[in-house]
Amino acid sequence: MFTGIVEELGSVVALVRPDGPAAADPVAVAPDAVLTVAGPLATSDARPGDSIAVDGVCLTVTSVADGAFVAEVMPETLRRTSLGGLVPGARVNLERALPANGRLGGHVVQGHVDGVATLVRRTPGPRWDDLEFSAPAALTRYVAEKGSVALSGVSLTVTWVSDDGFGVSLIPTTLAATTLGGLAPGDPVNVEVDVLAKYVERLLASGAAR
């Protein structure tokens, strides 16, 4: 489990996919991939089998060496997230899994991305930025005003929501310490909605079926 409090900005070393027609298109019957990310803090105590969230995606560490870790990325992950578009040198948000005695500084984040939203516009304020995202109704149905949402692994409070989008506001620390500070209109972000909303819907649907 994670909390959506980014610990450091990592750097992509490599994203290697099998050769073949599908290798260049992670949407079409995506092959798996091997991702290597450099992150001094994330790797300081990492071991094979540990979980690290990369731009909000929970990945399992397979090896660690020279301040970088390697993780395998499955086809489902490539279909659901923006990881397939990463290139060497790209910056990514990193968060290690929450220890049992750790603080829940953000909200409950599983690292199970539900889909991708796109930045429509950003409006700078005196010391903050307001960001507006477009997203499919399949995602926004689980988003609530003043509720929590994880965007590329960052725990944020929703300022408003509609059927096809939502907004958030970023404080100076978030702008400086995460990839969200450098987003431009048209850029994608990984979205994980509040897991409680999904379970409530599932329980209500199951009850209605009975």
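Structure's up top.
Chemist: Where do I start with the sheet that holds strand β7 (residues 115–124) in this structure?
Modeler: Sheet strands pair by backbone hydrogen bonding; their relative direction is either parallel or antiparallel. Strands sit in the order β7-β8-β11-β10-β9-β12 around a closed barrel of 6 strands; the barrel is antiparallel. Taken over all neighbouring pairs, the strand axes of this sheet differ in orientation by 45 degrees on average, direction set aside. Taken together, the 2 bridges between strand β9 (residues 148–151) and strand β12 (residues 188–192) define a ladder with antiparallel strand orientation. Within the sheet, the bridge partner assigned to Leu-151 lies in β12 and is Val-191.

Chemist: Would you mind showing me how to read the pairing of strand β6 (residues 91–96) here?
Modeler: Within a regular beta strand, the side chains point alternately toward one face of the sheet and then the other, so they alternate between its two faces. As judged from the 4 bridges shared by strand β1 (residues 8–16) and β6, these two strands associate in the antiparallel manner. If you follow Glu-8 over to β6, its bridge partner there is Leu-94. Sheet topology places strand β3 (residues 51–54) next to β6; 3 bridges connect them, and they run antiparallel. Of the residues in β6, the one forming a bridge with Ile-52 is Arg-96.

Chemist: Can you help me understand the sheet that holds β1 in this one?
Modeler: Pairing is antiparallel around the closed barrel formed by 6 strands, whose spatial order is β1-β2-β5-β4-β3-β6. In this sheet, neighbouring strand axes are inclined to one another by 45 degrees on average, regardless of whether the strands run parallel or antiparallel. The pairing of β3 with strand β4 (residues 57–65) spans 4 bridges and is antiparallel. Bridge pairing in β4 places Ile-52 opposite Leu-59.

Chemist: Can you help me understand the environment of Pro-136 in this one?
Modeler: In this structure, Pro-136 sits in the loop between β8 (129–134) and α2 (137–140). Remark: the alpha-carbon pair of Pro-136 and Pro-48, spanning 88 residues in sequence, is separated by 36 Å. Ignoring sequence-local partners within four residues, the contact set of Pro-136 consists of Val-116 and Asp-163.

Chemist: Just checking my understanding: could you explain the packing of aromatic side chains for this structure?
Modeler: Taken as a whole and judged by the stated rule, the model has 1 aromatic pair. With centroids separated by 5.6 Å and ring planes inclined at 25 degrees, the aromatic side chains of Phe-133 and Phe-166 adopt a geometry described as stacked. On the criterion of sequence distance, the pair formed by Phe-133 in strand β8 and Phe-166 in strand β11 (residues 165–170) is long-range, its members being 33 residues apart. Classification of Phe-166 as buried rests on a relative accessible area of 1%.

Chemist: Just to check I follow, could you spell out the pattern of salt bridges for this structure?
Modeler: Pairs can form between side chains of opposite charge whenever their charged atoms are close. Under the criterion given, the structure shown has 8 salt bridges. For Arg-96, the salt bridge is made with Glu-7, and the minimal N-O distance between the two is 2.9 Å. One end of the pair, Arg-96, is in strand β6; the other, Glu-7, is in the segment before β1, with 89 residues separating them in the sequence. A salt bridge links Glu-76 to Arg-79; the shortest N-O distance between them is 3.4 Å. On the criterion of helical spacing, the pair formed by Glu-76 and Arg-79 is a turn pair, its members being 3 residues apart in helix α1 (residues 75–80). Since its relative accessible area comes to 38%, Glu-76 is described here as partly exposed.

Chemist: What should I look at first to understand the side chain of Glu-192 in this one?
Modeler: Along the chain, the position of Glu-192 falls in strand β12. The buried charged residue Glu-192 lacks any salt bridge partner; its closest oppositely charged side chain belongs to Lys-198, at an N-O distance of 5.7 Å. Excluding its chain neighbours within four sequence positions, the residues that come into contact with Glu-192 are Gly-56, Val-108, Val-109, Gln-110, Gly-111, His-112, Val-113, Asp-114, Val-149 and Ala-150.

Chemist: Explanation requested: a nonpolar patch on the surface in the structure shown.
Modeler: Side chains of Met-1, Leu-104 and Val-108 sit close together on the surface and give an oily, nonpolar patch of about 250 Å² of accessible area. Assignment of secondary structure puts Val-108 in the loop between β6 and β7. On the accessibility criterion, Val-108 (34% relative accessible area) is partly exposed.

Rules and cut-offs
- Along every chain, residues carry numbers that run from 1 in the direction the sequence is written.
- In keeping with the predicted nature of the model, local features appear solely for residues at pLDDT of at least 70, side-chain atom pairs appear and are counted solely at 80 or more, and the whole-chain, interface and lining totals rest on all residues.
- The basis for every side-chain value is the complete set of non-hydrogen atoms in the structure, without hydrogens or water.
- Pairing between two strands requires that DSSP report at least two bridges joining them.
- Helix and strand definitions here come from DSSP, where helices need a minimum of 4 consecutive H or I residues and strands a minimum of 2 consecutive E residues; each element is numbered from the N-terminal end.
- Lines fitted to C-alpha atoms define the axes here, with helix axes fitted over just the stretch in contact, and angles between the N-to-C directions of these axes take values from 0 to 180 degrees.
- The contact definition used throughout considers only heavy atoms, calling two residues in contact when any of these lie within 4.5 Å.
- A pair of Phe, Tyr and Trp rings is counted when the ring centres sit within 6.5 Å of each other, with Trp represented by its six-membered ring. The angle between the planes then sorts it: under 30 degrees is stacked, over 60 is edge-to-face, the rest tilted.
- The classification of residues rests on relative accessible area computed with a 1.4 Å probe and restricted to protein chains. Under 20% of the type maximum is buried, over 50% is exposed, and intermediate values are partly exposed.
- The term salt bridge refers to a pairing of a side-chain nitrogen on Lys or Arg with a carboxyl oxygen on Asp or Glu at a separation within 4 Å.
- Two residue types count as positive, namely Lys and Arg, and two as negative, namely Asp and Glu; His and chain ends fall outside the count.
- Nonpolar side chains (Val, Leu, Ile, Met, Phe, Trp, Tyr) within 5 Å and like charges within 9 Å form the patches, drawn only from residues with over 30% relative accessible area and no salt bridge.
- Exposure was quantified through the Shrake-Rupley algorithm and a 1.4 Å probe, taking into account, for residues, occlusion by the shown protein chains and nothing else.

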